[in-house]
Amino acid sequence: MLPVIWTIFAVCAVGGFITLAAYWLDVQDRPDLSFRRRVGWSLGILLFPVTIPAYAFFGGPGWPRALRIAAFLPAAAVALFFGFLFGLFR
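Residues numbered from 1 in each chain as written. Predicted model: local features only at pLDDT ≥ 70, side-chain atom pairs only at ≥ 80, totals over all residues. Heavy atoms only, no water.

A word on the nonpolar core. Counting residues in each nonpolar core, the largest one holds eight residues, listed as Leu20, Tyr23, Val27, Ile52, Tyr55, Ala56, Trp63 and Ala71. Of all the secondary structure elements, the ones that give two or more residues to this core are helix H1 (2–29) and helix H3 (48–58). Listed in part, the six residues of the second largest apolar core include Ile5, Cys12, Leu80 and Phe84. (Core = buried A, V, L, I, M, F, W, Y, C linked by side-chain atoms within 4.5 Å. Buried < 20%, exposed > 50% of the residue type's maximum accessible area, 1.4 Å probe, protein only. Helix = DSSP H or I, 4+ residues; strand = E, 2+ residues; numbered from the N terminus.)

Glancing now at the pattern of salt bridges. Tallied over the entire structure, the rule returns one salt bridge. The salt bridge partner of aspartate 32 is arginine 30, with a shortest N-O separation of 2.7 Å. Overall, the relative accessible area of 10% leaves arginine 30 in the buried class. (Salt bridge = Lys/Arg side-chain N within 4 Å of Asp/Glu carboxyl O.)

With that settled, consider the packing of H1 against helix H5 (residues 73–85). In the contact formed by H1 and H5, the axes pass within 8 Å of each other and the chain directions differ by 140°. Considering their axes alone, H1 and H5 lie oblique with respect to each other. For the pair H1 and H5, the sense of crossing is left-handed. Side by side, H1 and H5 meet where Leu2, Ile5, Trp6, Ile8, Phe9, Cys12, Ala13, Gly15, Gly16 and Thr19 of the first sit next to Leu73, Pro74, Ala76, Ala77, Leu80, Phe81 and Phe84 of the second. The class makeup of the residues in the contact of H1 with H5 is 14 nonpolar, three polar and no charged. (Axes fitted to C-alpha atoms, helices over the stretch in contact; angles between N-to-C directions. Parallel < 35°, antiparallel > 145°, perpendicular 65-115°, else oblique. Left-handed = near helix turned anticlockwise from the far one by under 90°. Contact = heavy atoms within 4.5 Å. Nonpolar A, V, L, I, M, F, W, Y, C, P; charged D, E, K, R; others polar.)

Let us now look at the side chain of arginine 30. Within the secondary structure, arginine 30 is located in the loop between H1 and helix H2 (35–43). With residues up to four places along the chain from it excluded, the contact list for arginine 30 reads Arg38, Tyr55, Gly59, Gly60 and Pro61.

A contiguous nonpolar patch, built from Phe35, Val39, Leu43, Leu46 and Leu47 and spanning about 570 Å² of accessible area, is present on the exposed surface. With respect to the helices, strands and loops of the structure, leucine 47 is situated in the loop between H2 and H3. (Patch = residues over 30% accessible without salt bridge, like charges linked within 9 Å, V, L, I, M, F, W, Y side chains within 5 Å. Areas by Shrake-Rupley, 256 points an atom, 1.4 Å probe, with all protein chains shown as cover.)

Let's shift gears to the packing of aromatic side chains. Aromatic ring pairs are reported here in terms of the distance separating the ring centres and the angle at which the planes meet. One pass over the structure, following the stated rule, counts ten aromatic pairs. Here phenylalanine 57 and phenylalanine 72 contribute two aromatic rings whose centre-to-centre distance is 5.8 Å and whose plane-to-plane angle is 45°, an arrangement assigned as tilted. Of this pair, phenylalanine 57 sits in helix H3 while phenylalanine 72 sits in the loop between helix H4 (65–70) and H5; the two residues are 15 residues apart in sequence, bridging distant segments of the chain. Assessed through its relative accessible area of 38%, phenylalanine 57 is described here as partly exposed. Centroid distance phenylalanine 84 to phenylalanine 89: 5.1 Å. Interplanar angle 65°. Geometry classified as edge-to-face. Under the relative-accessibility criterion, phenylalanine 84 is labelled buried at 19%. The class for phenylalanine 89 is partly exposed, based on a relative accessible area of 25%. An aromatic cluster of at least three residues, connected via ring pairs, comprises Trp6, Phe9, Phe84 and Phe89. (Phe/Tyr/Trp six-rings, centres within 6.5 Å; stacked < 30°, edge-to-face > 60°.)

Just distances and angles here, no functional claims.
And the structure:
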């Protein structure tokens, strides 16, 4: 089972980095956001497991369904990382 979980972790980690980039670029590209809001959403990258899904569903970017689902990849990667760290998977 461990190789399957490692594979899922790798996919979530790579997809999470792509989602982080998509989030940041989308925030920077939105002309409807003021400078302060843009900076605020950009600083939200520090809390990315919460911020990216919140932005995707409540921030009003109009992301397609695939990106809204992908917004949870960074959080899944972090959860799997801590699962490996604390020995939950054997």
